[in-house]
Amino acid sequence: IYILAIESSCDDTSAAVLLNKKVLSNVVATQKIHQEYGGVVPELASRAHQQNIVPVVHQALMRANIDKKLLSAIAFTRGPGLLGSLLVGTSFAKSLALGLQIPLVEVNHMQAHILAHFIDGQDYRGPSFPFLALTLSGGHTQIVLVKDYLKMEILGETLDDAVGEAFDKSAKILGLPYPGGPLIDIYAQLGNPKAFPFPKPRVAGLNFSFSGLKTSILYFVQKEVKANPNFVLENRNDICASIQHTIVRILMDKIKEAVKQTGVKHVAIGGGVSANSGIRAALKSAEKKYGWHVYLPKLEYCTDNAAMIGITGYFKFMQNQLTDQNISAKARYKI
Ligand code: ATP
Ligand code: FE
């Protein structure tokens, strides 16, 4: 089965070609335009998708070295995401499927972040069911009980900011450019995680909250800068290490709780923040300490990419979960 997959939910335009579970090509065009605004500007994102989509799809087919007549189906991200961005990928996928007379498969982006674990060529075979998936991204933070490829149940999620936002907003307070998450990660590795203790929020059950942390970092920085205008510059690595340490502790506490509640010891992470070295290290050590099985996807499959849409499309196609030309994009779309 050859599947062409298209992802356009946020600020990356991506297309991939899969032969069953194997990725033949995975092209990602990241939009640079948002950097100067310190965040994604929806209107500019959809315009950039319109410019990128034809060349990106073309590239994906070229690199896979297949003719589009060989395609069995087209999978696309229906949601969740920015409506204007989703519309570009959705309309493109629909027209191409119509032109080629092949089936369409609609894909939930968050489900795809989880099913990325089943792409051939990871360092492990896909997790065995049931497993716990922690989706850590720019717009979501969820603990999901995955019972089968397409059977998922959300056990907990954030009540306010996503973990990626917590990273990016903290970075912004420190004057770092957008997206600041990866920069915090880099500086954190050079600093002392215990230098500045930030409070952990108290949220019952398996839900998360990150907005309080952001506020306490803001007040802390404002106070210190008043006393020493160079505070951030002089302590950048320690501040970043402390922020990252706090976020990792928050995440680990909830996963431990989820393992306790469900008895499921297979833990997989997905989404852009799963690239974070702190969370990867913490999970690795929990694996040894508590006998968990931990699954860390390759970095290219953590951030937004069409390969994960393709693998999800593959599983849906195999179960005959197809859609038709009446389908429309869905900005809010639960798994
Ligand atoms: P969603 O999937 O919820 O729609 P999104 O697709 O925009 O959101 P992703 O691309 O999955 O989000 O992830 C982007 C986020 O990951 C950004 O907030 C970015 O700062 C964060 N991120 C990427 N790498 C790292 C890292 N090493 N450490 C911390 N955060 C990181
Ligand atoms: Fe994403």
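Everything numeric in this text was worked out from a predicted model, so none of it was measured.

Chemist: Can you explain the pairing of strand β4 (residues 73-79)? Please cite residues and give values.
Modeler: Of all 7 residues making up β4, 7 are buried, and the element is well covered by its neighbours. As defined by bridge partners, β4 adjoins strand β5 (residues 104-108) across 5 bridges and the pair is classed as parallel. Bridge pairing in β5 links Thr 77 to Val 107. Regarding the hand of the β-α-β motif, the stretch spanning β4, helix α2 (residues 83-100) and β5 is right-handed.

Chemist: I'd like a description of the UniProt feature "domain: Gcp-like" (unreviewed entry) in the chain, backed by residues and values.
Modeler: In the numbering used here, UniProt assigns the "domain: Gcp-like" (unreviewed entry) feature to residues 22-310. The distance from the first to the last C-alpha atom of residues 22-310 is 9 Å, and the span holds 47% helix and 17% strand.

Chemist: Hey, could you go over unusual backbone geometry for me, with residue numbers and the actual values?
Modeler: Following Phe 129, the chain continues into Pro 130 via a peptide bond in cis, with omega recorded as -10°. With respect to the helices and strands, the residue Pro 130 is situated in the loop between α3 (109-115) and β6 (131-136). Residue Pro 179 is reached from Tyr 178 by a cis peptide bond, and omega for that bond is -10°. The residue Asn 20 is not glycine, and still its phi comes out positive at about 55°. Mapped onto the secondary structure, Asn 20 falls in the loop between β2 (12-19) and β3 (22-30).

Chemist: Tell me about the packing of helix α4 (residues 163-173) against helix α6 (residues 211-227), and please be specific about residues and values.
Modeler: With their axes 10 Å apart at the nearest point, α4 and α6 run at an angle of 10° to one another. The angle between the axes of α4 and α6 places the two elements in the roughly parallel class. Counting all contacts with α4, which are made through Ala 166, Lys 169, Ser 170 and Ile 173, the residues of α6 involved are Leu 213, Lys 214, Ile 217, Leu 218 and Val 221. Of the residues in the contact of α4 with α6, the class split is 6 nonpolar, 1 polar and 2 charged.

Chemist: Describe the site of ligand 1, with residues and values.
Modeler: Taken together, 22 residues lie around ligand 1, and Gly 138, Gly 139, Gly 164, Gly 181 and Gly 272 are the ones closest in. Where the shell around ligand 1 is concerned, the elements lending two or more residues are α4 and α5 (181-188). In terms of residue class, the shell around ligand 1 is built from 6 nonpolar, 13 polar and 3 charged.

Conventions and cut-offs
- Residues numbered from 1 in each chain as written.
- Chains lettered and ligands numbered in written order.
- Predicted model: local features only at pLDDT ≥ 70, side-chain atom pairs only at ≥ 80, totals over all residues.
- Buried ≥ 20, exposed ≤ 12 C-beta atoms within 10 Å, placed from the backbone.
- Helix = DSSP H or I, 4+ residues; strand = E, 2+ residues; numbered from the N terminus.
- Pairing = 2+ DSSP bridges.
- Right-handed = clockwise from strand over helix to strand, strands pointing away.
- UniProt positions renumbered as here; feature names shortened; annotations may be inferred.
- Axes fitted to C-alpha atoms, helices over the stretch in contact; angles between N-to-C directions.
- Parallel < 35°, antiparallel > 145°, perpendicular 65-115°, else oblique.
- Contact = placed C-beta atoms within 7 Å.
- Nonpolar A, V, L, I, M, F, W, Y, C, P; charged D, E, K, R; others polar.
- Near = placed C-beta within 6 Å.

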